[in-house]
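Below are the chains, spelled out letter by letter.
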Amino acid sequence: MTQPAPPAAFDVCAVGNAIVDVLAPCEPAFLEAQGLTPGSMQLVDADRSAALYAAMAAGVEASGGSAGNTVAGVGSFGGRAAYIGKVADDQLGGVFTHDIHAVGVHFATPPLHDGAASGHATGVCMINVTPDGQRTMCTFLGAANQLTVADIDADLIGASEIVYLEGYLFDPAPARAAFEAAAAAAHAAGRKVAITLSDSFVVHRWRAELLAFIEASADIVLANEAELAALFETEDFDHAAAHLGRIVETAAVTRGAAGSVVFGRGGQERVEVAACPVDKVVDTTGAGDQYAAGFLLGLARGLPLADAGRLGSLAAAEVIAHWGPRPMTSLETLAQDAGLPLGLEG
C-alpha cells in the first residue's frame, strides 16, 4: 500500500535557466534590421549577445529566467518556493542570487566557478519590447546551460508539493537529463510534476521528445495557444486543448486577452477563466510565468481549478502593466483585495 507523502515544506520547487534579463523598448524596424522574428525566443552565442546589447536602446536589468520569475511570483503570493538553476560566480550571478533570496525563495544551487574564463558567464536574455507590449527575446544561456544531474537536490524536490520544469531546458542535453532526474525524484516522493512548454520554437525543435515526456512524466502542463498548436500540429484550438486535457491530470492554456482554459481530472473538467482587465499593456514579459505562479500555488494549496486559474490571471495582469517580468505589487495583497482564496492557512 502506497504511503501518502508527508506535508510539503515548499509549495513549488522550480528547475530552470537562471537568467538576468535586459529589457529595452524598440520599434518593429529594429527587429527587422536585426533579423529577429517578432515575439520569438532564440538562443545566441556570447558574441551575438554582446553585439545586440550594444545595439539596443537603454533599458533595465532584472533577474529573470522563466521558472525563476514563476517562483518569485509564488513568493509574492505568500507561498513557499524553492529554485534550482545555475549561475556563475560573477557579478550578474550575485545579482540573480541576491534578487531571488530577496523575494523569499530558497536557492542554494552551487555557482559555476571560473564561468567567464570558460565562456560560461551568468546567462543573459536580451528582451526588446515593441510599443504593443510584445517581447522578442535573444538568450545567451552561459552558466545556465551547465545545469546537470548533480545539481538536482532530490531531498528539496521531495519536500515540494509541485516540481515545476521549464521547457527551455529541453535545448541542452545535460540540462534535459537534469530535468528528467527532477521529475523522477518528484514522483518517487509522491509529488506532482508540472511542465511549461515555454516557447513554440522550443516545441517545434523537440515536439516528439516533449510529447513523450508529457505522456510519461507530467501531471500538470501549462502552455499558450501558439505552443499548443505546435505541440499537436493543428490550428484547431478546441481539439488541441481537449487532447492536452486528456493526456495529463491537469492543464492550463493561456489565450492572452481571451483569458485561459483549464482542464482537470484527465479532461473531464473544463473551466473558462477570464483575463483580469488592465488599463494599458506595457510589457508582456513574464505574463505566462506569473500566470503559472498563481495557478501552481492554487493547485499546491488544493484550491478548485477555477480559483487557481483566477490567481493566474490576477498575477499575469499585474506583471503586464509595468516593465519587467516579476511582480512589483504584492500578489497576496491583490488577491485578498479581489476576494480570491489563497489557501495559505497550512
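Structure: see above.
Residues numbered from 1 in each chain as written. Predicted model: local features only at pLDDT ≥ 70, side-chain atom pairs only at ≥ 80, totals over all residues. Heavy atoms only, no water.

A. Up close: the overall build of the chain. When helices and strands are counted, the chain shows 12 helices and 14 strands. Scaling as 2.2 N^0.38, a compact globule of 346 residues should have a C-alpha radius of gyration of about 20 Å, and the chain matches this with 19 Å. Principal-axis analysis of the C-alpha atoms places the extent of the chain at approximately 55 × 40 × 40 Å. Counting every position in the chain, which comprises 346 residues, the buried fraction comes to 55%. Summarising the internal contacts of the chain: among those between residues at least 6 apart in sequence, 73% fall at separations of at least 24. For the chain, the accessible area works out to roughly 13,700 Å², and carbon and sulfur atoms hold 54% of it. (Helix = DSSP H or I, 4+ residues; strand = E, 2+ residues; numbered from the N terminus. Rg over C-alpha atoms; globule rule 2.2 N^0.38 Å. Buried < 20%, exposed > 50% of the residue type's maximum accessible area, 1.4 Å probe, protein only. Contact = heavy atoms within 4.5 Å. Areas by Shrake-Rupley, 256 points an atom, 1.4 Å probe, with all protein chains shown as cover.)

B. Highlighting the nonpolar core. By size, the foremost hydrophobic cluster in this structure holds 55 residues, and its most contacted members are V15, I157, L165 and L231. Counting residues per element, this core draws most heavily on helix α6 (residues 173-188), at seven residues. The residues contacting V15, other than those within four sequence positions of it, are A67, I84, L147, I152, V163, Y164, L165, E166, L169 and A182. In this structure, V20, A194, V262 and A293 belong to the second largest nonpolar core, which totals 43 residues. (Core = buried A, V, L, I, M, F, W, Y, C linked by side-chain atoms within 4.5 Å.)

C. Broad picture of the sheet that holds strand β1 (residues 10-15). In spatial order, the strands read β6-β5-β1-β9-β10-β11-β12-β13-β14; together these nine strands make up an open sheet with mixed pairing. Here the strands that pair on one side only, and so sit at the sheet edges, are β6 (106-107) and β14 (269-273). Set on the sheet, helix α3 (residues 66-76) makes contact with β1, β5 (81-84) and β9 (160-166); between it and β5 the angle comes to about 165 degrees. (Pairing = 2+ DSSP bridges. Axes fitted to C-alpha atoms, helices over the stretch in contact; angles between N-to-C directions.)

D. Expanded view of the sheet that holds strand β7 (residues 123-129). Ordered in space as β3-β8-β7-β2-β4, the five strands form an open sheet in which the pairing is mixed. Here the strands that pair on one side only, and so sit at the sheet edges, are β3 (41-43) and β4 (60-63). On average, each strand axis in the sheet is inclined to that of its neighbour by 20 degrees, with strand direction left out of account. Relative to β7, helix α2 (residues 46-55) is tilted by about 40 degrees, and along the sheet it contacts β2 (19-25), β4, β7 and β8 (135-140).

E. Fine view of the pairing of strand β13 (residues 260-264). Along β13, five of the five residues are buried, which leaves the element largely enclosed by surrounding structure. Residues of β13 alternate between two faces, with S260, V262 and G264 on one and V261 and F263 on the opposite face, all of them buried. In the sheet, strand β12 (residues 250-254) pairs with β13 via four bridges, with the strands oriented antiparallel. Each residue of the ladder has a partner; that of T254, found in β13, is S260. Counted between consecutive antiparallel strands, the loop separating β12 from β13 contains five residues, among which G256 sits at a positive phi close to 60 degrees. Taken together, the five bridges between β13 and β14 define a ladder with antiparallel strand orientation. Bridge assignment links G264 to a residue of β14, and that residue is E269. Hairpin geometry of β13 and β14 is characterised by an intervening segment of four residues between the two adjacent antiparallel strands and by a positive phi of about 55 degrees at R265.

F. Spotlight on the packing of aromatic side chains. As enumerated under the stated definition, the model contains seven aromatic pairs in all. Relative to F96, the ring of Y83 has its centre 5.8 Å away and its plane inclined at 45 degrees; by these criteria the two rings are tilted. Linking Y83 in strand β5 with F96 in helix α4 (residues 91-102), this pair joins segments that are 13 residues apart in sequence. Judged on exposure class, the residue Y83 and its partner F96 are both buried. Plain terms: the ring middles of F170 and F213 are 6.1 Å apart, the flat faces sit at 75 degrees to each other, and that makes the pair edge-to-face. You can see F170 sitting in the loop between β9 and α6 and its partner F213 sitting in helix α7 (residues 200-217), a full 43 residues away along the chain. The burial state of F170 is the same as that of F213; both residues are buried. (Phe/Tyr/Trp six-rings, centres within 6.5 Å; stacked < 30°, edge-to-face > 60°.)

G. The arrangement of the side chain of D283 in detail. Within the fold, D283 resides in the loop between β14 and α10 (287-300). One buried charged side chain, D283, makes no salt bridge at all; its nearest oppositely charged neighbour is R135, positioned 6.1 Å away. Of note is the side chain of D283, whose polar atom sits 3.1 Å from the backbone nitrogen of G324. Residues contacting D283, with those up to four places away along its chain left out, are L23, V129, G133, R135, V319, I320, H322, W323 and G324. (Lys, Arg positive; Asp, Glu negative; His and termini not counted. Salt bridge = Lys/Arg side-chain N within 4 Å of Asp/Glu carboxyl O. Polar contact = N/O pair within 3.5 Å; in protein donor to acceptor, adjacent residues only side chain to side chain.)

H. Region of the structure containing the layout of surface pockets. Each pocket or cavity is described by its volume, and for the second largest pocket that value is around 320 Å³. Surrounding the second largest pocket, 18 residues form its lining, A62, V103, R326, P327 and M328 being those nearest its centre. At the level of elements, β4, α3 and α4 are the ones that each hand at least two residues to the lining of the second largest pocket. Broken down by class, the residue content of the lining of the second largest pocket amounts to nine nonpolar, seven polar and two charged. (1 Å grid on protein atoms, 1.4 Å probe; cavity = no way out; pocket = protein on both sides within 12 Å on 5 of 7 lines; lining within 4 Å. Points joined across faces, edges and corners; volume = space filled by probe spheres on them. Nonpolar A, V, L, I, M, F, W, Y, C, P; charged D, E, K, R; others polar.)

I. Expanded view of the pairing of strand β10 (residues 192-196). For β10, the tally of buried residues reaches four of five residues, placing the bulk of the element in the interior. In this structure, β9 lies alongside β10, joined through five bridges in parallel fashion. Within the sheet, the bridge partner assigned to Y164 lies in β10 and is A194. You can see the chain leave β9, run along α6 and come back into β10, and the turn it takes is right-handed. Looking at chain direction, β10 and strand β11 (residues 220-224) are connected through three bridges and run parallel. Bridge pairing links I195 to V221 in β11. At this point the chain moves from β10, through α7, to the parallel β11, and the crossover so formed is right-handed. (Right-handed = clockwise from strand over helix to strand, strands pointing away.)

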